[in-house]
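Understanding the architecture of this molecule
Residues per chain, in single letters:
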Amino acid sequence: WLGALRFDNLALRSLPVDASDEGGPRTVPGACFVRVRPTPLQNPRLVAMSLPALALLGLEAPPADPAAAEAEAALFFSGNRVLAGAEPAAHCYCGHQFGSFAGQLGDGAAMYLGEVLGPRGERWEIQLKGAGITPFSRQADGRKVLRSSIREFLCSEAMFHLGIPTTRAGTCVTSDSRVVRDIFYDGNPKNERCTVVLRIASTFLRFGSFEIFKPPDEYTGRKGPSVNRNDIRIQMLDYVISTFYPEIQEAYSDNTVQRNAAFFREITKRTARLVAEWQCVGFCHGVLNTDNMSIVGLTIDYGPFGFMDRYDPEHVCNGSDNTGRYAYNKQPEICKWNLGKLAEALVPELPLEISQPILEEEYDAEFEKHYLQKMRKKLGLIQLELEEDSKLVSDLLETMHLTAGDFTNIFYLLSSFSVDIHPSKFEDFLEELTSQCASVEELKVVFKPQMDPRQLSMMLMLAQSNPQLFALIGTKANINKELERIEQFSKLQQLTADDLLSRNKRHWKEWLEKYRVRLQKEIESVGDADAWNTERVKVMNSNNPKYILRNYIAQNAIEAAENGDFSEVRNVLKLLEHPFQEAEGFQEVKEDAEEEGATATAAVCSRETRSKQPYCSKPPLWAAELCVT
């Protein structure tokens, strides 16, 4: 089956490859790649495969012999055997991590296998993530585990089917090889299965790929491994622009500075549009370092990501992001900051006096334009583009925040609201809408104080008496957040369910009246109101997903897989391939998969029992305890 793959490894021919055969972690100067070999795994077996992703590579879908194809995928996409034509290599890059320059990073667990020519002549880089040690592994083991691999595999495909630019995932292969991981950094390590994901993209080059030339950083003292190698920077720009931006190469073939400026303008606009798409589905990346930003504008490197459930503009999905640097509402400005670092990395081939004005002129305008266009579609505003629309959107989000509404489900419900809705139907609609807001019990979990009162008291005293010491162990923002939690939690003790429902209904009535007035303006501008409404509902239903990869859905699939039952991963994958549709016949798919011989343990069965709720449900209470680092 995999014999059909045709390799043509342009990146390795175009960019410098390290000549040393020295093993183990090391600095790699003067090169973009270093040749490596995957480390074999014990008893590799397929967890799941995405046939739509594999079809990009020209692989027949479905394969003529599914069992043989699965065995072949497990063998080759675990790294246990290398495909003919593949040339495994690890890519050298640097990065600003949480705002500080970290020096050389590189593919510490991922391996470039090569570039496969697709059926229409397009070129796809394929990569194994978790295939073993490379020179960039530092103190790590080059492995990924089942838990994180399932999340990356499912989310890569979920994002694609949501219409958001992303790297893809072809297969997820686990094994009997094990590594130790301290998941929550709390001294409770756990043995976990080594797992490998096959990743697919036009390229995995990133902003940090251009930071290998960085001289010593004024704050951290760290530097890139290829300082003063402007010849390689020129090579990289030539390769990136001619390969992935050929129209720019063609338009500016006789002026490299103008060409480089056009490239920077385009990646600025692509990045702005990408983050606008994230904001519109409530997606939080979690680790927006410069080494996790794609040079072609894709979502890349799925780690502690999360789709927001209850709308909270300050939502932080990464349990190790203590300062909230990568919170949901900060993603647009962080991506702009990262583009600023890319601009610095392109000097002298693109002077800052050219790139900085481009960033200022293009980024915010492109983000705002794309965000509002997308939000209009989500609200069914298909006829007119009015200035007041921006206020309508911000009022909606404020109402969601005040009522702790579920971001995805409230948008999905809005398509069933109409201008001339009957009063009794309106009450039913309001009931349904407020059912997607957090209950008193859920809010008590959300606002439960996280610090011991004695610890909080000590921190407050320290902030007053010794600000320098306080700055080393805490932040004012964190203390203020804890004080806010205590205040909210105290108020919740007096709040009844009826009071909460009444308050939420009042907030939603106020916003729905504004929405009704805005929809009325749409109707007045069209000839055929029925045709307009049909089109409105169609547009809304193709822009507001019913299904997203919520953390609790991923967790159920992970726990089943850790006990040898891969059926839930495969079910969820099928579901996420059709995020905007009612899952007709999905129950039958689930039952068929269970009949295939699932071997879940009693513990998983008990979790299954409590999670037999529709995949579009807002999260159960236990999901509030999930922490992804």
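Everything discussed here concerns the structure shown above.
Below: a short report on this structure. (Residues numbered from 1 in each chain as written. Predicted model: local features only at pLDDT ≥ 70, side-chain atom pairs only at ≥ 80, totals over all residues. Heavy atoms only, no water.)

This part is about the packing of helix α7 (residues 256–281) against helix α8 (residues 331–345). Put simply, α7 and α8 touch, their axes get as near as 10 Å, and they point 160° apart. It follows from the interaxial angle that α7 and α8 lie roughly antiparallel. Relative to α8, α7 is oriented so that their crossing is right-handed. Where α7 approaches α8, its residues Phe264, Ile267, Thr268, Thr271, Val275, Trp278 and Gln279 are matched on the opposing element by Gln331, Pro332, Cys335, Leu339, Leu342 and Ala343. (Axes fitted to C-alpha atoms, helices over the stretch in contact; angles between N-to-C directions. Helix = DSSP H or I, 4+ residues; strand = E, 2+ residues; numbered from the N terminus. Parallel < 35°, antiparallel > 145°, perpendicular 65-115°, else oblique. Left-handed = near helix turned anticlockwise from the far one by under 90°. Contact = heavy atoms within 4.5 Å.)

Attention now moves to the nonpolar core. Counting 166 residues, the largest nonpolar core has Phe77, Phe264, Leu379, Leu414, Leu512, Tyr515 and Leu549 as its most contacted members. By residue number, the principal contributor to this core is α7, which donates 12 residues. Counting only domains with at least three residues in this core, you end up with domain 1 (2–229) and domain 2 (396–443 + 494–542). Residue contacts for Phe77: discarding those within four places in its chain leaves Leu2, Leu5, Leu83, Leu128, Thr171, Val173, Val196 and Leu198. (Core = buried A, V, L, I, M, F, W, Y, C linked by side-chain atoms within 4.5 Å. Buried < 20%, exposed > 50% of the residue type's maximum accessible area, 1.4 Å probe, protein only. Domains from an automatic or database assignment.)

Attention now goes to the pairing of strand β8 (residues 123–129). Most of β8 sits out of view: six of its seven residues are buried. The loop that links strand β7 (residues 110–117) with its antiparallel partner β8 comprises five residues; one of these, Gly121, has a positive phi angle of about 85°. Bridge count between β8 and strand β11 (residues 190–201): five bridges; the pairing is antiparallel. Bridge pairing in β11 places Lys129 opposite Val197. (Pairing = 2+ DSSP bridges.)

Looking at where Asn504 falls in the secondary structure, it is placed in helix α17 (residues 497–524). The class of Asn504 is buried, set by a relative accessible area of 3%. Excluding residues within four positions of it along the chain, Asn504 makes contact with Leu402, Thr403, Thr434 and Cys437.

This part covers the packing of helix α4 (residues 146–161) against helix α20 (residues 567–576). Close contact between α4 and α20 brings their axes to 9 Å; oriented N to C, the two are set at 15°. With respect to α20, the axis of α4 lies roughly parallel. Seen along the crossing, α4 lies across α20 with a hand that is right-handed. Residues Ile150, Phe153, Leu154, Glu157, Ala158 and His161 of α4 touch α20, and the partners they reach there are Val569, Val572, Leu573 and Leu576. Taken together, the residues that form the contact of α4 with α20 break down as eight nonpolar, one polar and one charged. (Nonpolar A, V, L, I, M, F, W, Y, C, P; charged D, E, K, R; others polar.)

This structure, assessed with the given rule, holds 19 aromatic pairs. With centroids separated by 5.6 Å and ring planes inclined at 15°, the aromatic side chains of Phe367 and Tyr371 adopt a geometry described as stacked. Of this pair, Phe367 and Tyr371 both sit in helix α9 (residues 352–379), separated by four residues, roughly a single helical turn. For Tyr371, a relative accessible area of 15% corresponds to the buried category. Centre to centre, the rings of Phe417 and Phe429 are 5.5 Å apart; their planes meet at 45°, and the pair counts as tilted. Note that Phe417 is positioned in the loop between α11 (407–413) and α12 (423–434) and Phe429 in helix α12, a separation of 12 residues in sequence. (Phe/Tyr/Trp six-rings, centres within 6.5 Å; stacked < 30°, edge-to-face > 60°.)

On to helix α19 (residues 551–562), then. Counted at 1.5 Å a residue, the expected span for α19 with its 12 residues is 16 Å, and the 16 Å between its end C-alpha atoms agrees. Every buried residue belonging to α19 is among Tyr552, Ile553, Ala554, Asn556, Ala557, Ile558, Ala560 and Ala561, and all of these are buried. Two residues or fewer past α19, Gly564 is found with a positive phi of approximately 90°. (Expected span 1.5 Å × (residues − 1).)

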